[in-house]
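# Breakdown of the fold
What follows is each chain in one-letter form.
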Amino acid sequence: MTNTIALLAYDSKKDNLVEFVKKHQVVLSRYKLVAPEDTAQYLLQEAVIEINSVLPISLGGDAQIAAEIATGNIIAVICLVDYLFSQSYEPDLKLLLRICQVHNVPIAINIATAEIIINSLIQATVAHLIFNPVSGQGNAQQELSLIKSLLEPHLHLHIHETTIEQTAEELTKEAIAKQADLIIASGGDGTVSAVAGELVNTGIPLGIIPRGTANAFGMALGIPSITPIRSACDIILAGKIRTIDVGQCNDRTMILLAGVGYEAETIERADREAKNRWGVLAYVMAGWQQLNEQQLFDVEIEIDGVTKTFEAGAITIANAAPPTSVLAQGLGEVIMNDGLLEVMIITSNSRLQAVNTVVRMFGSAIFKTPAQDQDTIGLRTKQVKVSTDPPQKVVLDGEIIGTTPVEIKCIPDGLIVLAPPTNEIEEKSAWSFLSLPTRVKNQALQNDGII
Ligand SMILES: Nc1ncnc2c1ncn2[C@@H]1O[C@H](COP(=O)(O)OP(=O)(O)OP(=O)(O)O)[C@@H](O)[C@H]1O
């Protein structure tokens, strides 16, 4: 029950509580709410809200709430009391006051103090963390504890763990519906890409805590790979945003790149078991094995209505890529905010040629100069369609999504990310959690007729 507000009222104050909840529905809907069963039912009937219930007061519901406060799960208590008309079964105010005092949790006992709590909630940043517990090779529960200890003092953090059934996409949709100010993806590139896909053109910033095997997106954004969790949390709390392009590959979002042929085969070889055993080396070993087996295939590339044909072993279409995504390099740099995709077609037909090509492209990425190589064709475009004969596997942001054909287009400025500052003009450095006039704050002020 992290990030929960407890709602209680003496019998004669239940109507006041309903009025209060109705008035502040926008703000309260961003939190989990809990109330004793009788109060919860009354609130559910009278106000349209989601609320969890504990036992009725007569059976110890107030003691259950006190226990939740003691375990750190409640961020505020609103308990409207009435000393003039109290019945025998009212919430135990003495107990709640004592526990709130001991654990430094705000408690309001009348509407005036409850309004003060609401005002502080309006100013707070509500973040939703989408956490993949199977990403990477670390201890997920220790990593989650570290993230909580770093972020919870500064943000109201809702935590959602992905499962096979509850995907990162679904959890992100729910967080958007709950009016998140910020959504944080923690996992490998697959998880980050899934969360990013839902955030395109929403205006909600994406924070990234890389915990995967390759962490290519984090690397492309410049999140340090030494102590990545601490660094990533610092970057999120620093609150600097960058607006970047995203790609759309068939009907999916692409934040990094799509690979056809060699790269897709390599990623498929580096399965979960190999990544757990070898970490990032699994990709290197898989890539080396694949060099022996990669066959050339016929490719048709369509750009701006013009179709060209080639024989190729690998094609990469990139929106963003760190230097380690070698096959995306070759044009000197993969630029993530130019409204264009970088397309690289590799035509090497022997292992030696392929190794030479890879070395040149790596050099191109390091020195940010275009590679001079007769075995590669590189270009920048807004949109591209790739067909092959025979059909080839396609990898999108680290996950195999099917086979060719693919159509990919760039969505300029589609995503807002929290990232380390760059010197580029588009960086907006003024964003900060403390000064952020959140959408929710504006909405709440509008509801109250203030703006
Ligand atoms: N609880 C879970 N149990 C098993 N699989 C999960 C769970 N949650 C998410 N997944 C799967 O995890 C995959 C995404 O993993 P992700 O890319 O984040 O990590 P990774 O494979 O370690 O990283 P990298 O892509 O850098 O190698 C998705 O295929 C998703 O279905």
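Worth saying up front: this structure is predicted, and the values here are computed from it rather than measured.

Applying the stated criterion across every chain, the model contains zero aromatic pairs. When the ring centre of Phe 131 is taken as reference, the NZ or CZ atom of Arg 211 above it lies at 3.9 Å.

Attention now goes to the packing of helix α7 (residues 140-151) against helix α11 (residues 228-238). Relative orientation and spacing of two packed helices are given, respectively, by the angle between their axes and the distance between those axes. Where α7 contacts α11, the two axes come as close as 10 Å, and the packing angle between them is 30°. Viewed along their axes, α7 and α11 adopt a mutual orientation that is roughly parallel. The element α7 and its partner α11 pack so that their crossing is right-handed. Across from Glu 143, Leu 146, Ile 147, Leu 150 and Leu 151 in α7, the residues of α11 making contact are Ile 229, Arg 230, Cys 233 and Leu 237. Looking at the contact of α7 with α11 residue by residue, the classes come out as seven nonpolar, no polar and two charged.

So, on to the pattern of salt bridges. All chains considered together, the criterion is met by seven salt bridges. Of the charged contacts in the structure, one is a salt bridge between Glu 342 and Arg 380, with a shortest N-O distance of 2.8 Å. Note that Glu 342 is positioned in strand β16 (residues 341-346) and Arg 380 in strand β17 (residues 376-381), a separation of 38 residues in sequence. What makes Arg 380 partly exposed here is its relative accessible area of 34%.

Let us look at the sheet that holds β16. A sheet is described by the order of its strands in space; here six strands give the open sequence β17-β16-β15-β12-β19-β20, paired in antiparallel fashion. What marks the edges here is a single partner per strand, and that holds for β17 and β20 (399-403). The sheet shows a mean angle of 20° between the axes of neighbouring strands, direction not considered. Note: β16 against β17, six bridges, orientation antiparallel. Its bridge partner being in β17, Ile 346 is matched across the sheet by Thr 376.

Before going further, it helps to spend a moment on the UniProt feature "domain: DAGKc" (unreviewed entry) in the protein chain. The positions that UniProt labels "domain: DAGKc" (unreviewed entry) are, in the present scheme, residues 122-253. Overall, residues 122-253 shows 39% helix and 26% strand. The separation of its end C-alpha atoms is 32 Å.

Right, let's get into the sheet that holds strand β5 (residues 107-108). Reading across the sheet, the five strands line up as β3-β2-β1-β4-β5 and stay open at both edges, with parallel pairing between neighbours. Edge positions in the sheet fall to β3 (52-54) and β5, since each of these pairs with one other strand and no more.

Scoring rules and cut-offs
Residues numbered from 1 in each chain as written. Predicted model: local features only at pLDDT ≥ 70, side-chain atom pairs only at ≥ 80, totals over all residues. Heavy atoms only, no water. Phe/Tyr/Trp six-rings, centres within 6.5 Å; stacked < 30°, edge-to-face > 60°. Lys NZ or Arg CZ within 6 Å of the ring centre and 35° of its normal. Axes fitted to C-alpha atoms, helices over the stretch in contact; angles between N-to-C directions. Helix = DSSP H or I, 4+ residues; strand = E, 2+ residues; numbered from the N terminus. Parallel < 35°, antiparallel > 145°, perpendicular 65-115°, else oblique. Left-handed = near helix turned anticlockwise from the far one by under 90°. Contact = heavy atoms within 4.5 Å. Nonpolar A, V, L, I, M, F, W, Y, C, P; charged D, E, K, R; others polar. Salt bridge = Lys/Arg side-chain N within 4 Å of Asp/Glu carboxyl O. Buried < 20%, exposed > 50% of the residue type's maximum accessible area, 1.4 Å probe, protein only. Pairing = 2+ DSSP bridges. UniProt positions renumbered as here; feature names shortened; annotations may be inferred.

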